[in-house]
Structures are given as C-alpha cells and as structure tokens.
Amino acid sequence: MKYYSTNRQAPPASLEEAVIKGLAGDRGLYMPERIPALDDAFIRSLKDKPFHDIADGVAQAFFGEDMEPDALTAIVRETLSFDTPVVQVSDSIYSLELFHGPTLAFKDVGARFMARMLSYFIRRKGIDREVNVLVATSGDTGSAVANGFLGIPRIRVFVLYPRAKVSPIQECQFTTLGQNITALEIDGTFDDCQALVKAAFADGDLNRRLQLTSANSINVARFLPQSFYYFHGWAQLDRAGRGENVTVCVPSGNFGNLTAALFARRMGLPVRHFIAANNRNDVFMEYLQTGVYTPRPSVATLASAMDVGNPSNFARILDLYGHDHAAVAQHISGCRYTDEQIAATVREVYRTHGYLLDPHGACGYQALLDRRLQPGETGLFLETAHPAKFKETVDRITGVPVEIPLKLQAFMQGKKQSIPLGKDFEGFKRFLISSQ
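Residues numbered from 1 in each chain as written. Predicted model: local features only at pLDDT ≥ 70, side-chain atom pairs only at ≥ 80, totals over all residues. Heavy atoms only, no water.

## Digging into the pairing of strand β7 (residues 181–186)
Here is step 1: Counting buried positions along β7 yields six of six residues, so the element is predominantly enclosed.
Here is step 2: What you see with β7 is no split at all: I181, A183 and E185 on one side and T182, L184 and I186 on the other are buried throughout.
Here is step 3: In terms of strand pairing, strand β6 (residues 155–162) meets β7 through six bridges, oriented parallel. Looking at β7, one finds that Y161 is bridged to E185.
Here is step 4: For the crossover that starts at β6, traverses helix α7 (residues 168–175) and ends in the parallel β7, the hand is right-handed. (Buried < 20%, exposed > 50% of the residue type's maximum accessible area, 1.4 Å probe, protein only. Helix = DSSP H or I, 4+ residues; strand = E, 2+ residues; numbered from the N terminus. Pairing = 2+ DSSP bridges. Right-handed = clockwise from strand over helix to strand, strands pointing away.)

This is the structure we're talking about:
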C-alpha cells in the first residue's frame, strides 16, 4: 500500500515512511492509495466476534501488506486492553463509550496503536537517532499520546497545549509524567499550537537536524485505527437487533474521528448517515451549508476538545469525496450548539435518563435528538471522554459532584512540569534544537 499527499506534490510513501514522517513533504496529509473493502461475510459475522478480532480484521486489511501479520495482531491486542461498550441512553439513542482506556478518552485507541506501530518501524528501519514526536492538543490528544508513548525507548514526545484553555484534570495527565514526555505551555490557542507543529515539518533546516514525526490525527497511524470502534459499535447494535438503519453522530474538532468513520463506511460498515456535531467552532457546518470553507480563529467553549477553527482533516474529507461538495453533504450533515445548549442537554439527560454526558457527548446526543429519528432508525453518538475530565463544568451544570475514577486520581497526585513558550515559530524551533 502506498500513501499519497492530499496536496499531490510529494512522491508516494510507504506505510513506514508515512508513519515516521507524519506529514508529507508538500505539507499535505497522507492518504492510502486505496481503501480495502471487507466482504459481506466478515460484516455479517461482526456481531459474533470480540473487539480484538474485529479490530484485527480491519487492521490486516489496511496494514497487512506492510507488516508481519503476527506483529500487527500483537499491536492490536496491546492497544485494546479495554472495551468500548454501547450503552442505551433513551429509546432509540445509544452511547458508544470511548472513555474506558488509560486516560479516559477516545484518543487512547489511536495513540496507543500509533506508539506501538512507530516503535515497530523504528526497530525495523534501524533508526539510531532519537525520534521526536510533536503533538498539539486541546486536551485529550495530549494525555492519550503522552501516556501511549511513555517510556518507549528512542522516542521523545513534545506536547503543545494552549495556556489556560484545557481542563485542570486534562492538563495534569500530560504535564506530570516526566521521562520522555515534555509539556510545552503555549501562549495562544489550539490553532496556534497546531500551526507550530505544521511549521516544524515544513522547516527544512529543522528536519535535517532532528527526526520529526507527529502524533496528531494528521498521522495515518493515529486516525485510521479509530475506525476499529465504529465496527465494534455497530456490531453491538446488530447483536441487539438494531443494526439495520443506523445514524452515527461524531462530536467533531480536528475531524480525524469523523474521517475514520467515513473510511469505515467505505470499507463496508453499514451506517446510513453521519452527523458532525460542532460547538461554536462551526466552519465545517458552514461548508456543508454553503460549499465554501472559511477557516477562522477558534473560540473557547465548554466542549474544549472541539475548539478548532481550521481542522486539519478537512483536507482528507475533501480528498475522500473528490472535492465534491454535494457528495459530502449527501452522507454528512452538521449541527452547532452553544455553551448554553450544551449545558441544558447535560442537565436534562441526567435528570431524565440518569446518564451523565460530558460536554462533547452532549453535542452528539442533542444532534440525534434534533434529527427526530424515524421509526426503526437507531442513533449512535460517541461519548468521547469521561465527564470527570470536565469535573468543574459538569458539577456546575448538574449540581451533583462527579466521582473521579481512580485512574484520574492517580494523575492528580503528580507535580506539574511544563515549559512556557510563545507562539512564534523561531522561539519554538530554538527550543527543540537546544533540547536535544
């Protein structure tokens, strides 16, 4: 399998090259030259398979030509040391709970998979210098990547996050680890953090000095494994007799998660429709309505992980649909929720159904409710993080203290270790070089 750049100005890359480089030389995002289709027999058998076997089947279809099958199976099994259960919330709406991993967020799947795949390729390629992983985060990515790569030899991780714009619990999950993890507190927004990462890859001098790669969803080893839990989620609905007419709602920020869902659909996942749920950062919904994409600075909201004003993976969605706006709009609809609406949804669902949503999942649930599902239609939304990761916000909304899971309590005992930096690239570049 070769991987081409969405900008079409860089030579095709192998999986190994795409994973190690992260971003193509022309600053485009890597896309697989083809999307393998899973046969009907495999799809029909999903309801009878455990999560590991479902994920291994999907992984082998994508990556099996470029890795030893046994090594790939081992990576899948090490990645998925936890479940992603489907839980019924109301009559026709179900939650796909993606917060049962080590950092209690959906990004644990992609981050753990990528850490292991990158380590595999470093060993196979015999790279003898340290690999520097750059990752921008609005909260959950940083903690998932930092913990996924913690202690892995010959890999150093730099987590860039916007000062005072992530929750205290999220912050402690990547600033207290030490070892090979360095947290950089940027005086700016998530978009500024992401711009620094992209600029680093485009700087020829920096790339000659350092071996760089990214663990954001721009890396194919980060976003593609996220398709695993869509297959697993649908399989659980199918097992319950609800797999015939499914609409999936994805709370969307940088759009790697939705892109993985669209790849799953191309592979044969029988999902009828997708909804991209946005907060006030609604450039994608605006594109769906007008056909014009106008990125702009992000604004801070209760659903902070979705505070992205220029989502990287929009380029992949456009490429996937041949830049055909009508085709994109046929399969995906959008919605937008204010902080007040998010809070109202969290409060009402907890009062009515006894189910506690996090602010991002609240956008997903409300979008399915507003869709007014037809008889026989089932809605599945992604509950992307445990509500305790947004404890202050959720406590204030419901008036009931969220119990902090033991996994989070352990992170909160550590001492914060972060380095403040401005948002200028030259200062960031000097720091990276001096840190080696």
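The rest of the description comes next.
## What about the nonpolar core?
Here is step 1: Membership of the largest hydrophobic core comes to 137 residues, with the highest contact counts inside it found for F63, L118, F149, Y230, F231 and F284.
Here is step 2: Discounting chain neighbours no more than four positions away, the residues touching F63 are Y3, L15, L72, F113, M117 and L224.
Here is step 3: Ranked by size, the runner-up nonpolar core spans 24 residues in total, among them V197, F201, L210 and V308. (Core = buried A, V, L, I, M, F, W, Y, C linked by side-chain atoms within 4.5 Å. Contact = heavy atoms within 4.5 Å.)

## Observations regarding the sheet that holds β7
Here is step 1: The five strands are arranged β8-β5-β6-β7-β13 in an open sheet whose pairing can be described as parallel. Of all strands in the sheet, those bounded by a partner on one side alone are β8 (211–214) and β13 (418–421). If you compare each strand with its neighbour and ignore which way they point, the axes differ by 25 degrees on average.
Here is step 2: Relative to β8, strand β5 (residues 131–136) is paired through four bridges, and the arrangement is parallel. Residue pairing in the sheet places V131 in a bridge with Q211 of β8. (Axes fitted to C-alpha atoms, helices over the stretch in contact; angles between N-to-C directions.)

## Notes on the sheet that holds strand β11 (residues 332–336)
Here is step 1: The sheet built from six strands is open, its strands ordered β3-β4-β12-β9-β10-β11 with mixed pairing. Strands at the two margins of the open sheet, each flanked by one partner only, are β3 (86–88) and β11. Pairwise comparison of adjacent strand axes, ignoring direction, gives a mean angle of 25 degrees for this sheet.
Here is step 2: For β3 and strand β4 (residues 93–97), the ladder comprises three bridges, and the chain directions are antiparallel. Looking across to β4, one finds that Q88 is bridged to Y94.
Here is step 3: Here helix α11 (residues 227–239) sits on the sheet in contact with β3, β4, β9 (246–251) and β12 (378–383), set at roughly 140 degrees to β12.

## Examining the layout of surface pockets
Here is step 1: Considering only enclosed or pocket space, the largest pocket measures out at about 330 Å³ in volume.
Here is step 2: Looking at the lining of the largest pocket, the elements with two or more residues in it are α7 and α18 (391–398).
Here is step 3: The element best represented in the lining of the largest pocket is α18, accounting for four residues.
Here is step 4: Considered class by class, the residues forming the lining of the largest pocket number nine nonpolar, four polar and six charged.
Here is step 5: Volume-wise, the second largest pocket comes out at about 200 Å³.
Here is step 6: If you list the elements that add at least two residues to the lining of the second largest pocket, you get α1 (15–21), α8 (190–202) and β8. (1 Å grid on protein atoms, 1.4 Å probe; cavity = no way out; pocket = protein on both sides within 12 Å on 5 of 7 lines; lining within 4 Å. Points joined across faces, edges and corners; volume = space filled by probe spheres on them. Nonpolar A, V, L, I, M, F, W, Y, C, P; charged D, E, K, R; others polar.)

## Comments concerning helix α3 (residues 51–63)
Here is step 1: With 13 residues, α3 extends 18 Å from end C-alpha to end C-alpha; this agrees with the ideal 18 Å at 1.5 Å per step.
Here is step 2: Those residues of α3 lying buried are F51, I54, A55, D56, V58, A59, F62 and F63. (Expected span 1.5 Å × (residues − 1).)

## Here we look at the state of the cysteines
Here is step 1: Within this structure, the stated rule accounts for zero disulfides.
Here is step 2: No disulfide involves C363; its sulfur sits 7.2 Å from that of C335, the nearest cysteine.
Here is step 3: Its relative accessible area of 0% is what places C363 among the buried residues. (Disulfide = S-S within 2.5 Å.)

## A short note on the environment of V131
Here is step 1: With respect to the element layout, V131 can be found in strand β5.
Here is step 2: A C-alpha to C-alpha distance of 24 Å links V131 and N254, two positions 123 residues apart in sequence.
Here is step 3: Beyond its immediate chain neighbours, meaning those up to four positions away, V131 contacts L118, I122, R154, I155, R156, Q211 and T213.

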